[in-house]
Amino acid sequence: AGFVLALLSALGFALGSVLMKRLEPGRFLVTLTAWQLSLRGSLLGSAAWWLEPTWLRLTPTFALTLVTLALFGTAFVTAAWYWLLQSEEVRRLSQWFFLVPVLGLFQAALFLGETILAVQWLGLLLIALGLLATQMLPRPGFLRDVHDLP
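Let us look at the structure shown here. Here the residue numbering is sequential within each chain, running from 1 through the sequence in written order. Given that the model is predicted, a residue must reach a pLDDT of at least 70 before its local features are reported, and side-chain atom pairs must reach 80 or more before they are shown or counted; all residues, however, enter totals for whole chains, interfaces and linings. Neither water nor hydrogens contribute to the side-chain values; these are computed over all heavy atoms in the structure.

1. Describing the layout of surface pockets
When its volume is computed, the largest pocket comes out at roughly 1200 Å³. Whether a set of points on the 1 Å grid over the protein atoms alone is a cavity depends on a 1.4 Å probe fitting there but being unable to get out, while an open set qualifies as a pocket with protein on both sides within 12 Å along at least five of seven lines; lining residues are those with an atom within 4 Å of a point. Together, 37 residues line the largest pocket, and Arg40, Gly73, Thr74, Ala75 and Thr78 are the ones closest to its centre. Only DSSP runs of H or I with at least four residues qualify as helices, and only runs of E with at least two residues qualify as strands; both kinds are numbered from the N terminus onward. Broken down by secondary-structure element, the contributors of at least two residues to the lining of the largest pocket are helix H1 (2-23), helix H2 (29-51), helix H3 (60-85) and helix H5 (99-112). In terms of residue count, H3 provides more of the lining of the largest pocket than any other element does, 14 residues in total. Grid points are joined across faces, edges and corners, and a volume is the space filled by probe spheres set on the points. Quantified by volume, the second largest pocket comes out at close to 250 Å³.

Put into structure tokens, the structure is as follows:
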């Protein structure tokens, strides 16, 4: 069930990104982000409740954690993503998602005392090199622009 919910979440994020890129929300960015997250959250929350109804134990700690993650870990980050999406190429911008496991690895080391293994350092290096390479590649149409020069 968790795998299906993860796929649905990724699909919702992709569709939301395409929609926000096409809508060019401008000053309505926060409103559209709130609606998009509310709709997606309601659908995924309902699916989670239906697929695994016994997992939820509503306590004050759970509620505070949920609100904190929803606001700071999701809403603000999603609004920032949509804001960047208005002016940047999706091809270049989406590659920064590869930093998610990097940040997770460093947080696990910092907060949980996990040790970063040699193979993980190699993976971090490959991610850094990949990001550097993709950010330095010429933009689409670059060669066409060069050929148009006098």
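2. Observations regarding the packing of H1 against H2
Between two packed helices, both the angle of their axes relative to each other and the distance between the axes serve to describe the pair. Note on geometry: axes are lines fitted to C-alpha atoms, helical ones only across the stretch in contact, with angles between N-to-C directions running from 0 to 180 degrees. Interaxial distance between H1 and H2 falls to 11 Å at its minimum, and their mutual angle equals 165°. Regarding the angle of H1 to H2, the classification is roughly antiparallel. Crossing handedness for the pair H1 and H2: right-handed. Every residue of H2 that contacts H1 at Leu5, Leu8, Ser9, Gly12, Phe13, Gly16, Met20 and Leu23 is listed here: Leu29, Leu32, Thr33, Gln36, Arg40, Leu44, Ala47, Ala48 and Leu51. Along the lines of polarity and charge, the residues of the contact of H1 with H2 split into 11 nonpolar, five polar and one charged. Reported orientations rely on four angle classes, namely roughly parallel under 35 degrees, roughly antiparallel over 145, roughly perpendicular from 65 to 115, and oblique for the rest. By convention the crossing between two helices is left-handed if the near helix lies anticlockwise of the far one by an angle smaller than a right angle, and right-handed if it lies clockwise. Note on contacts: a residue pair is in contact if any heavy atoms of the two residues lie within 4.5 Å. Only Asp, Glu, Lys and Arg are considered charged in this grouping, and only Ala, Val, Leu, Ile, Met, Phe, Trp, Tyr, Cys and Pro are considered nonpolar; every other residue, Gly among them, is considered polar.

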